[in-house]
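Observations on the model geometry
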Amino acid sequence: MFKKFFAIILAATFLIAPAWGDAKSLWVDNGSWGLFADKKARNVGDILTIIINESTTQTASKSRSNSKSGSTNLSAGTGIFHFLAAAAASGNDSFTANGSASDTNSFSGRVTVTVTEVLPNDNMVVEGTQSIWQNRDEHKITFRGVIRRDDVTMNNTVLSTQVADAMVKFDGKGPLNAKQRQGILTQVFNILF
């Protein structure tokens, strides 16, 4: 009797068990959530970190010069022009200009961006903004560019020097940033004079 009862319960368990839940496989078709899957950004909405390390140096120097001179002599008049005395005139004109300019910029930091578009050649368009508020001043970094999937490291980062069509914008607003700008009257005088 006990064996019959145990056999009925065992048979019922095998018949009812599939209704309790579907069996899940460790394999996922796109590989994005597999056990040993690569977690690098690849689809729209994925995030990655751009390591910004940019420095630019520009130097320009110009020098120009121009000069000319001339002289005229007039002899004393004869005949009816005897009242004219001997006269001489000369003139010089010279121009010299020198100018130089030097500009050096450097910035390093990190900004996390989102993949906004995957192009037909598998390159990814990324865009992101980071805003930091400190003492009522906002410091804002906006980054946009195109990256190759091969340039994304295992840490899900990309160097800014490997980004095509990169646009990095640093901006700020607040009391401190406002004090670093020229006043309205100064700007008007600079335009007029």
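Residues numbered from 1 in each chain as written. Predicted model: local features only at pLDDT ≥ 70, side-chain atom pairs only at ≥ 80, totals over all residues. Heavy atoms only, no water.

Core analysis: the biggest nonpolar cluster contains 15 residues, and L48, I50, V113, F143, I147 and V158 have the highest contact counts within it. Among the elements of the structure, strand 1 (47-74), strand 2 (87-118), strand 3 (124-134) and strand 4 (137-147) are those that each provide at least two residues to this core. Beyond its immediate stretch of four places on either side in the chain, I147 contacts L48, N123, M124, V126, V152, V158 and V163. (Core = buried A, V, L, I, M, F, W, Y, C linked by side-chain atoms within 4.5 Å. Buried < 20%, exposed > 50% of the residue type's maximum accessible area, 1.4 Å probe, protein only. Helix = DSSP H or I, 4+ residues; strand = E, 2+ residues; numbered from the N terminus. Contact = heavy atoms within 4.5 Å.)

For the rest of this paragraph, the subject is the environment of S160. Inspection of the secondary structure puts S160 in the loop between strand 5 (157-159) and strand 6 (164-173). Separated by 52 residues in sequence, S160 and S108 have C-alpha atoms that sit 9.6 Å apart. Among residues more than four places away in sequence, those in contact with S160 are I50, I51, I52, N53, E54 and F143. A polar side-chain atom of S160 sits 3.2 Å from the main-chain amide nitrogen of N53. (Polar contact = N/O pair within 3.5 Å; in protein donor to acceptor, adjacent residues only side chain to side chain.)

Moving on: the confidence of the model for the chain. Taken over all residues, the pLDDT of the chain has a mean of 76, while the share at 70 or more is 65%. Looking over the chain, one finds the lowest element-wise mean pLDDT in helix 2 (residues 175-179), namely 53, and the highest in strand 5, namely 92. (pLDDT = per-residue confidence, 0-100.)

Turning to the pairing of strand 4, a few remarks are in order. Working note: regular strand, side chains alternate between the two faces of the sheet. The element strand 4 is largely enclosed, with a buried count of 8 among its 11 residues. Alignment of strand 3 against strand 4, held across 11 bridges, turns out to be antiparallel. Note on strand 4: the bridge partner recorded for Q130 is I141. In this antiparallel pair of consecutive strands, strand 3 and strand 4, the connection spans 2 residues, and N135 shows a positive phi of 50°. (Pairing = 2+ DSSP bridges.)

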